[in-house]
Amino acid sequence: MIIGKPAPFVRAFVDAVDEAIREQSPSHGMSAMQRTWLAFCVTAVLVTNSICWARFARASLGTYSLAALSWMFRHSKMPWDELFVASVRVILRHYGITSGSLVIDDTDNPRSKAAKTLAHLYKLRDKESGGYIWGQSLVFLVLVTPKISLPVGFAFYQPAPELSAWYKEEKARKKLGDAKQQRPPKPPANPAYPTKQQLALQLLERFHAQHPTLRVHCITADALYGTAPFVDGASMMFGGVQVISQIRSNQKVRVHKSEQSVADYFATHPGTPHTIRIRGGEEVIAIVGSARVYVCSHKTKRFVVALKYAGEETYRSLIASDLSWRTLDMVQGQTLRWLVEIFQPYYDSSERLSLTAACGNH
């Protein structure tokens, strides 16, 4: 398909984003050339369904060259950070959105072994093969509302080199049968390489500062973020908002001064069938049990819910920071996390990520 000029609705959106940037930072607005380039690129993404400078150039029939398009992306002083924030603000204003729920997740993106210049590359564990692949890891934040859902933050994760080296040596020394006293101690945390939980808290803090008037109903994340620092930190950041995550089935809970695993507790306190609406649509039957118990690793009482869908043999264990919620409200809130799966394909390259940020909800 031939692109003579940017689509009118894309041009209007880019102009609205530029106005939103100037409202916050008058000196950081885009020039006319930058607005034209960005509008063309967003139009080209929609028309060609790709992020490819060569395709963009061919679709423009010589109006833009591959080199010029790529140069603008890599070297032009586009206000990328303000661009992302302003585009989200424009969309929220357009749809009249004043509240929603936040979902944290992460994804691993494989890269070619020949890739050397991409940022934050390291060896990733391949869940399918059990081996290792070369790639990048992203932590991202999604806002879920009754009208739309859109990504509102992202950060690259990379483990500290000294920590990776320690894990490698630790594995080798364990294989040789060395006792723990003979193995080197785990290196201290490196502030230059924050954990995924720390990155998630930074994304939440940034979103709260950028959109202070938006009301957050709850924050949802998977088991990786089911730690006390994350749950308590995220809840306090938004004034005590509900935080829903997961814990392992072997984690200890205290009931009447007796400690037992979550799995053992719900084995003797089975749940009952309930009708659950998945992501506000399809209804399914699930076995649900719950209890307000002391979680030993968190050193506080949590609302723990055991959930098992049809066809599943074991429960998954959810935890919540706010003890006042009803059990089914927690389960419904946890299903919102599934919505992030539709955004993961858009986080497959740094260039796609930047242009995705530029066009907001695409």
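See the structure above.
Residues numbered from 1 in each chain as written. Predicted model: local features only at pLDDT ≥ 70, side-chain atom pairs only at ≥ 80, totals over all residues. Heavy atoms only, no water.

Caption draft 1: Broad picture of the nonpolar core. Ranked by size, the top nonpolar core spans 46 residues in total, and within it Leu102, Ile104, Leu204, Ile219 and Phe230 carry the most contacts. Once residues lying within four places of it in the same chain are set aside, the contact partners of Leu204 are Leu102, Ile104, Leu141, Ile219, Phe230, Ala234, Met237 and Phe238. Ala20, Met30, Leu38 and Phe73 belong to the second-largest nonpolar core, a separate cluster that totals 25 residues. (Core = buried A, V, L, I, M, F, W, Y, C linked by side-chain atoms within 4.5 Å. Buried < 20%, exposed > 50% of the residue type's maximum accessible area, 1.4 Å probe, protein only. Contact = heavy atoms within 4.5 Å.)

Caption draft 2: Main features of helix α10 (residues 327–335). Within α10, burial applies to Thr327, Met330, Val331, Gly333, Gln334 and Thr335. Buried residues belonging to α10 abut β5 (215–220), β6 (242–247), β9 (272–277), β10 (283–295), β11 (300–309) and β12 (316–320). (Helix = DSSP H or I, 4+ residues; strand = E, 2+ residues; numbered from the N terminus.)

Caption draft 3: Up close: the environment of Glu312. The topology assignment puts Glu312 in the loop between β11 and β12. On the basis of relative accessibility, which here comes to 30%, the residue Glu312 falls in the partly exposed class. Here Tyr309 takes part through its backbone nitrogen, which lies 2.9 Å from a polar atom of the side chain of Glu312. Among the polar contacts listed, one links the side chain of Glu312 to the side chain of Arg316, at a separation of 2.4 Å. (Polar contact = N/O pair within 3.5 Å; in protein donor to acceptor, adjacent residues only side chain to side chain.)

Caption draft 4: Just a nonpolar patch on the surface, in detail. Together, Phe9, Leu46 and Val47 line one region of the surface with nonpolar side chains, adding up to about 260 Å² of accessible area. Note that Leu46 resides in helix α2 (residues 32–48). (Patch = residues over 30% accessible without salt bridge, like charges linked within 9 Å, V, L, I, M, F, W, Y side chains within 5 Å. Areas by Shrake-Rupley, 256 points an atom, 1.4 Å probe, with all protein chains shown as cover. Salt bridge = Lys/Arg side-chain N within 4 Å of Asp/Glu carboxyl O.)

Caption draft 5: Quick look at the packing of helix α7 (residues 196–210) against helix α8 (residues 228–237). Two elements in contact, α7 and α8, have axes whose closest approach is 10 Å; the angle formed by their N-to-C orientations is 5 degrees. Comparing their axes, α8 and α7 come out roughly parallel. Note on element contacts: α8 touches α7 through Pro229, Phe230, Gly233, Ala234 and Met237, opposite Gln197, Ala200, Leu201, Leu204, Glu205 and His208. Looking at the contact of α7 with α8 residue by residue, the class counts come to seven nonpolar, three polar and one charged. (Axes fitted to C-alpha atoms, helices over the stretch in contact; angles between N-to-C directions. Parallel < 35°, antiparallel > 145°, perpendicular 65-115°, else oblique. Nonpolar A, V, L, I, M, F, W, Y, C, P; charged D, E, K, R; others polar.)

Caption draft 6: Spatial organisation of the pattern of salt bridges. This structure, assessed with the given rule, holds 12 salt bridges. The closest approach of N and O atoms between Glu23 and Arg93, which form a salt bridge, is 3.5 Å. Linking Glu23 in helix α1 (residues 8–24) with Arg93 in helix α5 (residues 80–95), this pair joins segments that are 70 residues apart in sequence. Residue classification places Arg93 among the partly exposed residues on the basis of a relative accessible area of 49%. Here Arg254 ties to Glu259 by a salt bridge, and the two come within 3.9 Å at their closest N and O atoms. Taking the relative accessible area as the measure of exposure, Arg254 reaches 36% and is therefore partly exposed.

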